[in-house]
Amino acid sequence: MPGATVVGMVDAGIVERVRELRPLIRRNALRAERERRVPDEVAAALNGTGIHRMNVPRRYGGYQTPLRTQVDAFAEIAVECGSTAWMTLSQAGVSYIAALFPDEAQDDFFTGPSGPDARIGGTLIPGATAVPYDGGYRVDGASAFATGCHHADWHLLTAAVTPDGGSPPEGPPEMIWAAVPMSELEILDDWHVTGLAGTGSNTVVARNIPVPAHRVLPVGPMLAGQIPSKANADDPFYRMPVLLLFCAWAAPVALGLARAAMTEFGERIHRRGITYTFYERQNEATVTHLQVAEAQMKISSAELVAARLTAEIETKARDGAEYTLAERARIRAESGYLTRLCKEAVDLLASAAGASSLQREVPMQRIARDINALSLHSFMNPATNLEIYGRVLSGVDPGTPFL
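What counts and what doesn't
Note on numbering: residues in each chain are counted from 1, in written sequence order. Totals for whole chains, interfaces and linings use all residues, but because this is a predicted model, local features are given only for residues with pLDDT of at least 70 and pairs of side-chain atoms are given and counted only at 80 or more. The side-chain figures draw on all heavy atoms in the structure; neither hydrogens nor water molecules are used. Numbering of helices and strands starts at the N terminus; helices are DSSP runs of H or I of at least 4 residues and strands are runs of E of at least 2. Accessible area is worked out with a 1.4 Å probe on protein chains only. A residue is then buried under 20% of its type maximum, exposed over 50%, and partly exposed in between. Per-residue and other accessible areas follow the Shrake-Rupley method at a 1.4 Å probe size, with only the shown protein chains counted as cover for residues. When charges are counted, neither His nor the chain ends are considered; positive counts come from Lys and Arg and negative counts from Asp and Glu. One atom stands in for each charge, and that atom is NZ of Lys, CZ of Arg, CG of Asp or CD of Glu. Take the residue count of a helix, subtract one, and multiply by 1.5 Å to get its expected span. Two rings belonging to Phe, Tyr or Trp (six-membered ring only in the last case) form a pair when the distance between their centres is within 6.5 Å. Interplanar angles under 30 degrees mark stacking, angles over 60 mark edge-to-face geometry, and anything in between is tilted. Our definition puts a charge over a ring when NZ of Lys or CZ of Arg is within 6 Å of the ring centre and also within 35 degrees of the ring normal. For every residue, the predictor assigns a confidence score, pLDDT, that lies between 0 and 100. Contacts are assigned to residue pairs with any non-hydrogen atoms lying within 4.5 Å of each other. Axis angles are defined between N-to-C directions and span 0 to 180 degrees, where every axis is a line fitted to C-alpha atoms and, for a helix, only to the segment in contact. An angle counts as roughly parallel when it lies under 35 degrees, as roughly antiparallel when it exceeds 145, as roughly perpendicular when it falls between 65 and 115, and as oblique in every other case. The crossing is said to be left-handed when, going from far helix to near helix, the turn is anticlockwise and less than a right angle, and right-handed when the turn is clockwise. Gly counts as polar in this scheme, as do all residues outside two lists: the nonpolar Ala, Val, Leu, Ile, Met, Phe, Trp, Tyr, Cys and Pro, and the charged Asp, Glu, Lys and Arg. UniProt positions are given in the numbering used here, feature names are shortened, and annotations may be inferred rather than shown by experiment. The salt bridge definition used is simple: a Lys or Arg side-chain nitrogen within 4 Å of an Asp or Glu carboxyl oxygen.

S.K.: Describe the overall build of the protein, with residues and values.
M.R.: Of regular secondary structure, the protein possesses 13 helices and 8 strands. In terms of overall dimensions, the protein has a C-alpha envelope of 80 × 55 × 40 Å along the principal axes. Classification of the 403 residues of the protein by burial places 55% in the buried group. Surface exposure of the protein reaches about 16,900 Å², of which carbon and sulfur atoms provide 56%. The protein carries 37 positive and 45 negative side-chain charges, and their two centres are separated by 5 Å.

S.K.: Could you give me a rundown of helix α10 (residues 286–319), with the residues and numbers involved?
M.R.: The end-to-end C-alpha distance of α10 is 50 Å, a good match for the 50 Å that 34 residues give at a rise of 1.5 Å each. Where α10 ends, the next residue or the one after it, G320, has phi of about 70°, a positive value.

S.K.: Can you explain the packing of aromatic side chains? Please cite residues and give values.
M.R.: Under the counting rule described, the total for this entry stands at 10 aromatic pairs. Both rings, one in Y60 and one in F110, keep their centres 5.5 Å apart while their planes meet at 50°; by these two values the pair is tilted. Linking Y60 in the loop between α4 (40–47) and α5 (67–78) with F110 in helix α7 (residues 103–110), this pair joins segments that are 50 residues apart in sequence. With relative accessibility at 14%, the residue Y60 sits in the buried group. Grouped by ring-pair contacts, the aromatic residues Y60, F101, F109, F110 and W154 constitute a single cluster. The ring of Y133 carries R138 above its face, with NZ or CZ at 4.6 Å from the centroid. Residue placement shows K316 over the ring face of Y323; its charged tip is 5.1 Å from the ring centre.

S.K.: Account for the confidence of the model for the protein, naming residues and giving values.
M.R.: For the protein, per-residue confidence averages 93 on the pLDDT scale, and 97% of positions sit at 70 or higher. Ignoring residues within four places in sequence, the model shows residues 1–7, a span with pLDDT below 50, making 15 contacts including any to other chains.

S.K.: So, the packing of helix α9 (residues 242–268) against α10: which residues are in play, and what are the values?
M.R.: Taken N-terminus to C-terminus, the directions of α9 and α10 make an angle of 160°; their axes are 10 Å apart at the nearest point. Put simply, α9 runs roughly antiparallel to α10. In this structure, α9 meets α10 at a crossing whose hand is left-handed. Side by side, α9 and α10 meet where L244, L245, C247, A248, A251, L255, A258, R259, M262 and F265 of the first sit next to T288, Q291, V292, A295, Q296, I299, A302, E303, A306, L309, T310 and I313 of the second. Tallied by class, residues from the contact of α9 with α10 come to 16 nonpolar, 4 polar and 2 charged.

S.K.: Tell me what's going on with the side chain of Q106, and back it up with residues and numbers.
M.R.: Position of Q106 among the secondary structure elements: in helix α7. Here Q106 falls in the buried class, since its relative accessible area comes to 0%. If we skip the residues at most four places from it in the chain, Q106 touches P57, R59, Y60, A98, A99, F101, T111, S229 and N232.

S.K.: Lay out unusual backbone geometry with the relevant residues and their values.
M.R.: Positive phi values are uncommon outside glycine, yet D134 reaches one of about 45°. Structurally, D134 can be placed in the loop between β2 (128–133) and β3 (136–143).

S.K.: Requested: an account of the UniProt feature "domain: Acyl-CoA dehydrogenase C-terminal" (unreviewed entry) in the protein, with residues and values cited.
M.R.: Per the UniProt record, "domain: Acyl-CoA dehydrogenase C-terminal" (unreviewed entry) is found at residues 249–382. Along residues 249–382, the helical share is 72% and the strand share 0%, with 16 Å between the first and last C-alpha atoms.

S.K.: Kindly report on the pattern of salt bridges, identifying the contributing residues and their values.
M.R.: Across all of its chains, the model carries 27 salt bridges by this definition. E344 is the partner of R340 in a salt bridge, and the nearest nitrogen-oxygen pair spans 3.7 Å. Here R340 and its partner E344 are both found in helix α11 (residues 325–351), 4 residues apart, which amounts to about one turn of the helix. Take R340: its relative accessible area is 32%, and that puts it in the partly exposed class. One network of salt bridges, in which partners are shared, links R19, R22, R26, E76 and E80.

Take a look at the structure:
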């Protein structure tokens, strides 16, 4: 049974358990990219560390792991493979959303064959419709960018509620998350990308699937802090805003990729010279000294930003403190800004790594493509996030409800 190896374990050693898998993740990073999904043995090994329990309620055998520990665990994976880290954090993060569903739904998620090690995927992209019926909904349509769908037990489909045979309501439709077993969904072979290719973020399709009412979570009220789970309603751990959590969860992927680029570059400069110059070793060149120092300063700055936003999210949850609009916008801006710092560091190092680094077997080229893909994500895009924060600082509407 998945997760059987973690019986009796606690989250205190989860970073160390994940770190032990880094050689396995590194050996399979190129394979994940080529096969457009994380290899089964890597996904199973990570599941065996208990990493998917980090946001599962303790009453099911979950850990409710401190956010700082989660960030450290994801970064360990990202140093070896950005795709594997993104898939893992997506599933572990969506388990947090699953814990906000009605308690009956949580029983479905976390007492099934996989227990608290259940892997749950989902996206915020509304591609499906939900038609009310018998107190529940019939869900039909596609959900794009379904990261990790090949290894998931459940998927949370974002769907727009549509009246059965009636006229669409005026204004924006009601949005829900509908939890559907992955076995009931079709996976399209449409994940052909140049960055984070190993995430297996294919489109999944629902074809008129019935979803009972207890497996539905209204998106709007949830983003406003209203959750139907009675068991978790007063737990400080589940007071952390989901959208801000994803800012924190995304940070270690950027940091891990940047750290990996620094390590890779540091190893290469002792083995190669600079072609068409008198430098027999790249590490002896002044330009190299300037490049590594600049890159490391950017990475260190990004680390400070990540630590600050992570601490603020945890502290406010512990104290029950409210966020101002400016604080929410700043945290989202910080997520994009640290991603930009990491991308700038990687771009600098990749541009100095020489033409031999273009070979697919050399990690540097994959790191550069993965960090570029990460910075294009609509929720972490640096320019978009800075604009949102700047709008708030300027006293105008942020232009988005996703804060």
